[in-house]
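# Residue-level structure breakdown
Take a look at the letters that make up each chain.
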Amino acid sequence: MPTTEWSNWTGNRSCVCDVVRPENLAELQAAVASAATGTRRVRPAGTGYSWTPLIPVPGDGTIVETAKLDRLLGVRTEVLGGVEHHYVKVEAGMKMSELIEITRSRGLTLRSPTLFPWPSIAGALSTGSHGVGRKGGCFADSLHSLDIVDATGSLRRVTRGDADFPAAMVALGSLGMIYAAELEVSPEFNVYVDKRNVPVDRTLAEFDDLIEAYDYLEMFWMPGAETFYLMLMDESGAHADEWSFRRKAEQWFDTTIQSRAANVWVPWIAQHAPGLTPVLTKLAGGTVTEVEKEIVPASDAFHFQKAYSKNWDIAYSIPATHAAEAWSRAIDLVNDYAEAGAYPINYALHGRFVGPGEGWIAPNHDRYSLYIEATTAIGTPGFQGFFDELESRWAGIPGARPHWGKHFGRTTGLDTLYPRMADFLAVRQAWDPGRHFLNPWLEHDVFDL
Ligand SMILES: Cc1cc2nc3c(=O)[nH]c(=O)nc-3n(C[C@H](O)[C@H](O)[C@H](O)COP(=O)(O)OP(=O)(O)OC[C@H]3O[C@@H](n4cnc5c(N)ncnc54)[C@H](O)[C@@H]3O)c2cc1C
């Protein structure tokens, strides 16, 4: 009888099953082959940061964690048509923060890494996780090849250009267990970052121009605010600003305050004095400089957030052409709740624009997208009802697709959101005819099999 209780980071998904942590490729192959027998299920797990039921298995199943598969396997440069291409290959369980440091120390930078520094590389790839950027897509769009252990324990390589590649890029761990990923990375470049508060009405009225004007566009709105906090970013040939002692001290102070606010003050206010939420929001807004400009290396520009706390997060990918509508629907809903004295959102609404993706079931598949999310502290009363309403508003926008790793409630019609879903499922079936790499949620709610 299995006795190990597995649970994700937030603690909202758990199961009791066998949990194994192979330390090298041979152990991984043996673990998968011995677990994938009869009708037993096997689910790959990274760091367990996803809110959705991607990982839990029935009691006779096995979760294979990649925590001990975190090595750098190689860095290489290839010249194609006179242009240098840089690649880095790592094991599946390496954390994003470590890969960022590996590339940075070699004068390279990742394409569309998550803002969040701690997911595993395979976890971020498999859910279509993303950073920001109009020219690139999600993180998986930088993939060159994947080494995947299938249900028989055999190692198979899928490379860009192979017929199965668009299925394997973002596959929710349903084809097999990724052992290693090779990613194309860019030479480090500098980014001109212009941060400013701009009235909501003006931003939405000028939205079509705004979303075409910048290489990288990220935006925040906090409950009760009359302005968006915009981060307007473009590649720059200029030198990066020097980091003065004062600036480092300011960042340390901001991080300490942010962390304290996110972990202690906001959850306390949410539970004991929710009416103070807009006051806190105003205070947070007041600490932000009206307009701030800087030139920073890309590896820093997209990793400005240093403090994280456990939270609830719902996110949708919306076609960029409907971005203003997605923002209006969300802000109107938060304002309606506020008028009734309820504050189910106390962190922020956050949006990032991401270029079209190639993965057949990547939420940014085939179109420029706004990824918009609502985040709120753990313990906030009434967040679930609010998320349900928000989801129905966002899901009603043509082309809306949930982020696979973040909270969403939709259980039907998910397969209809992707024009290449049938192709994806055909590849999946060929890789795993025994359905070992599916759990009941994937099988029924997501893939409708
Ligand atoms: C605080 C916070 C901030 C976040 N910020 C961002 C963000 O900036 N951008 C964004 O897009 N997302 C963000 N996310 C979501 C996060 O990137 C995804 O949930 C991601 O999948 C987490 O990685 P993980 O290693 O924890 O994966 P897990 O949650 O462990 O697994 C996710 C999926 O990947 C599969 N998987 C994991 N390892 C393998 C493997 N070796 N082979 C095959 N499949 C595998 C699993 O089976 C599962 O389907 C954030 C999450 C949190 C908690």
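Basis of the calculations
- Residues numbered from 1 in each chain as written.
- Predicted model: local features only at pLDDT ≥ 70, side-chain atom pairs only at ≥ 80, totals over all residues.
- Near = placed C-beta within 6 Å.
- Helix = DSSP H or I, 4+ residues; strand = E, 2+ residues; numbered from the N terminus.
- Nonpolar A, V, L, I, M, F, W, Y, C, P; charged D, E, K, R; others polar.
- Domains from an automatic or database assignment.
- Contact = placed C-beta atoms within 7 Å.
- Buried ≥ 20, exposed ≤ 12 C-beta atoms within 10 Å, placed from the backbone.
- Arc of directions from axis to C-beta.
- Pairing = 2+ DSSP bridges.
- Axes fitted to C-alpha atoms, helices over the stretch in contact; angles between N-to-C directions.
- Core = buried A, V, L, I, M, F, W, Y, C linked by C-beta atoms within 7 Å.
- Parallel < 35°, antiparallel > 145°, perpendicular 65-115°, else oblique.
- Left-handed = near helix turned anticlockwise from the far one by under 90°.

Moving on to the site of the ligand. Taken together, the neighbourhood of the ligand is formed by 32 residues, with Gly46, Pro119, Gly123, Gly173 and Gly405 sitting nearest. Mapped onto the shell around the ligand, the elements with two or more residues apiece are strand 3 (42-45), helix 3 (121-126) and strand 10 (177-187). At four residues, the largest contribution of residues to the shell around the ligand is made by helix 3. Considered class by class, the residues forming the shell around the ligand number 16 nonpolar, 14 polar and two charged.

This part covers the domain arrangement of the protein. Accessible area lost upon the coming together of the parts serves often as the stated size of an interface. According to the domain assignment, the protein contains domain 1 (72-188) and domain 2 (190-402). Taking the mean C-alpha position of each, domain 1 and domain 2 sit 26 Å from one another. The partner domain 2 presents 25 residues to the 25 residues of domain 1 that form the contact. Contributions of two or more residues to the side of domain 1 that touches domain 2 are made by helix 2 (96-104) and helix 4 (165-169). Taken together, the residues that form the side of domain 1 that touches domain 2 break down as 12 nonpolar, eight polar and five charged.

Regarding helix 1 (residues 25-35), the residues found buried are Leu28, Ala31, Val32 and Ala35. Summarising the axial view, the buried residues of helix 1 lie within an arc of 95°, below the 170-degree limit, and thus occupy one face. At its buried positions, helix 1 is contacted by strand 2 (14-20), strand 3, strand 4 (62-65), strand 8 (143-149) and strand 10.

Moving on: the sheet that holds strand 2. If you walk across this open sheet you meet the four strands as 1-2-4-3, and the pairing is mixed. Every other strand in the sheet has two partners, leaving strand 1 (4-7) and strand 3 as the edge strands with one partner each. Going across the sheet, the axis of each strand differs from the next one's by a mean of 50°, ignoring polarity. As paired elements, strand 2 and strand 4 share three bridges and run parallel to each other. The residue of strand 4 that forms the bridge with Val19 is Ile63. The strands touched by helix 1 are strand 2, strand 3 and strand 4; relative to strand 4, the strand with the most contacts, the crossing angle is about 170°.

This part covers the nonpolar core. Counting residues in hydrophobic clusters, the biggest one holds 118 residues, and the most contacted among them are Val32, Ile121, Ala181 and Ile372. Ranked by residues supplied to this core, first place goes to strand 10 with seven residues. Two domains each put at least three residues into this core: domain 1 (72-188) and domain 2 (190-402). In contact with Ile372, other than residues within four places in its own chain, are Ala315, Tyr316, Ile318, Ala326, Trp327, Ala330, Leu349 and Gly351.

Let's shift gears to unusual backbone geometry. Most of the time, phi is negative for any residue but glycine, and the peptide bond is trans. Of note, the phi angle at Asp366 is positive, near 65°, even though the residue is not glycine. The topology assignment puts Asp366 in the loop between strand 16 (348-354) and strand 17 (369-377). One non-glycine residue, Arg435, lies in positive phi territory at about 55°. Among the structural elements, Arg435 can be located in the loop between helix 12 (421-431) and helix 13 (440-446).

Okay, the environment of Leu333 next. Tracing the backbone shows Leu333 in helix 10 (residues 323-339). Note on Leu333: 20 C-beta atoms within 10 Å, which makes it buried. Residue contacts for Leu333: discarding those within four places in its chain leaves Glu389, Leu390 and Arg393.

A few words on the sheet that holds strand 14 (residues 291-297). Taken together, eight strands build an open sheet; the order of strands is 14-11-13-12-16-17-15-18 and the sheet is antiparallel. The open sheet has two edge strands, strand 14 and strand 18 (401-402), and neither has a second partner. Inspection of the sheet shows strand 11 (residues 190-199) paired to strand 13 (residues 227-236) by 10 bridges, in the antiparallel sense. Looking at strand 13, one finds that Asn197 is bridged to Tyr229. Where helix 10 meets the sheet, it contacts strand 12 (216-221), strand 15 (311-319), strand 16 and strand 17, and its direction lies at approximately 20° from that of strand 17.

Below, the discussion takes up the packing of helix 10 against helix 11 (residues 383-395). At a minimum axis distance of 9 Å, the contact between helix 10 and helix 11 shows a crossing angle of 150°. By the angle class used here, helix 10 and helix 11 are roughly antiparallel. Both helix 10 and helix 11 take part in a crossing whose hand is right-handed. Listed contacts from helix 11 to Ala326, Arg329, Ala330, Leu333 and Tyr337 of helix 10 are Phe386, Glu389, Leu390, Arg393 and Trp394. Looking at side-chain class alone, the contact of helix 10 with helix 11 contains seven nonpolar, no polar and three charged residues.

Moving on: the pairing of strand 16. Taken across its seven residues, strand 16 has six buried, putting it largely inside the fold. Bridge count between strand 12 and strand 16: four bridges; the pairing is antiparallel. Its bridge partner lying in strand 16, Trp221 is registered against Leu349. Direction of pairing for strand 16 relative to strand 17: antiparallel, over a ladder of seven bridges. Along strand 17, the bridge assignment pairs Val354 with Ser369.

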